[in-house]
Amino acid sequence: MKHVAIYCRVSGKTQETRSQMPELERYAAAHEAEVIWYIDKFSGKTMDRPAWLKLQTAINHRQVSDVVVWRLDRLGRTAKGLTALFEDLHERKINLVSLREGIDLTTPAGRMMCNILGSVAAYETEVRGERVLAGQAAARAAGKKWGGGTKGKRTKVTPQKEALIRSMYAEQTPITVIAQTLHLSRPTIYTVLNADKPAETAAT
């Protein structure tokens with residue numbers, strides 16, 4: 001049976017969740033479905049958080065019907081990460097409810113907000129790309145050269161993320177969505193997937 005996942009997060013171990021709990025508890029009391037709480041004391045700049053990884057695993061195993069948060073920034077601090085999450089939840093037909101912003105993906109207003117956030121993420125990506133190109137041009141003008149990374153070396157991936165990559169891939173989650181959700185590059189995702197497979201059956 002699927003459950004309602006209530007996710008609560010504060011950024012530091014010394015911070016408390018008291019400001020979030022009353023509204024979340026009222027929401028839980030108003031619904032008859034089973035509720036499971038996921039509570040993190042971790043930065044929102046990364047999705048690699050203990051409680052979130054447990055919730056992501058439950059999502060991958062189709063055990064979640066709704067994800068409920070007090071405020072949207074409790075899920076994460078980047079528009080890109082939120083947009084990837086929205087896409088993943090939409091594909092899995094999992095509703096997202098944010099109590100403070102009044103976002104509910106089953107409503108037109110909620111879907112409109114997701115589109116706005118997606119536009120913001122695209123704008124951020126475009127601006128960042130322009131800044132990178134400008135910085136590279138300035139560096140070349142100053143005579144700087146790049147030698148590239150060490151051959152065969154990949155971005156460090158935690159065991160928890162490797163497990164999530166394999167689980168999401170087994171659920172036929174698109175590689176792009178996996179990469180965006182876990183904040184990893186596509187080549188890194190492929191490297192993890194190919195690690196335990198013979199060359200002729202490796203992920204392509």
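Chains are numbered independently. Their residues run from 1 in the order of the written sequence. It should be noted that, the model being predicted, local features are given only for residues of pLDDT at least 70 and side-chain atom pairs only at 80 or more, the latter also being counted only at that level, while totals for whole chains, interfaces and linings use all residues. Side-chain measures here rest on the full set of heavy atoms in the structure, leaving out hydrogens and waters.

**Thoughts on the environment of Lys-45**
Using the following cut-off: A run of DSSP states H or I qualifies as a helix once it reaches four residues; a run of E qualifies as a strand once it reaches two. Both are numbered from the N-terminal end.
Topologically, Lys-45 is positioned in the loop between strand E2 (35–41) and helix H2 (50–60). Spatially, the C-alpha atom of Lys-45 lies 6.3 Å from that of Gly-76, the residues being 31 residues apart in sequence.

**Comments concerning the sheet that holds strand E5 (residues 103–104)**
Convention followed: Following DSSP output, two strands are said to pair if at least two bridges run between them. Note on contacts: a residue pair qualifies if any of its non-hydrogen atoms lie within 4.5 Å across the two residues. Convention adopted: a line fitted to C-alpha atoms gives each axis, helices being fitted over their contacting stretch, and angles between N-to-C directions are expressed from 0 to 180 degrees.
Reading across the sheet, the 5 strands line up as E2-E1-E3-E4-E5 and stay open at both edges, with mixed pairing between neighbours. The open sheet has two free edges, formed respectively by E2 and E5, since each of these has just one partner strand. As paired elements, strand E4 (residues 95–98) and E5 share 2 bridges and run antiparallel to each other. Residue pairing in the sheet places Val-97 in a bridge with Asp-104 of E5. Helix-sheet contacts for H2 involve strand E1 (3–10), E2 and strand E3 (64–69), and the interaxial angle to E2 is about 145°.

**What to know about the packing of aromatic side chains**
Aromatic ring pairs are defined here through the distance separating the ring centres and the angle between the ring planes. Our working definition: Stacked, tilted and edge-to-face are the three classes assigned to paired rings of Phe, Tyr and Trp, where Trp is represented by its six-membered ring and a pair needs centres within 6.5 Å; plane angles under 30 degrees give stacked, over 60 edge-to-face, the rest tilted. Using a 1.4 Å probe on the protein chains alone, a residue whose accessible area is under 20% of its type maximum counts as buried, one over 50% counts as exposed, and one in between counts as partly exposed.
By the definition in use, this model includes 1 aromatic pair. For the pair Tyr-7 and Trp-52, a centre-to-centre distance of 5.4 Å together with 80° between the ring planes defines the contact as edge-to-face. Residue Tyr-7 is located in strand E1, and its partner Trp-52 is located in helix H2; the two are separated by 45 residues in the primary sequence. Each of the two residues, Tyr-7 as well as Trp-52, counts as buried.

**Concerning the pattern of salt bridges**
Side chains that differ in charge, positive against negative, can pair when their charged atoms come close. To keep it simple, the criterion reads: Note on definitions: salt bridges are taken to be side-chain nitrogens of Lys or Arg within 4 Å of carboxyl oxygens of Asp or Glu.
Counted according to the given criterion, the structure contains 3 salt bridges. For Arg-100, the salt bridge goes to Glu-23, with nearest N and O atoms at 3.0 Å. Here Arg-100, found in the loop between E4 and E5, pairs with Glu-23, found in helix H1 (residues 21–29); they are 77 residues apart in sequence, far enough to count as distant. Between Arg-92 and Asp-88 there is a salt bridge whose closest N-O contact spans 2.9 Å. Judged by relative accessible area, which is 10%, Arg-92 ranks as buried. Here Asp-88 falls in the buried class, since its relative accessible area comes to 1%.

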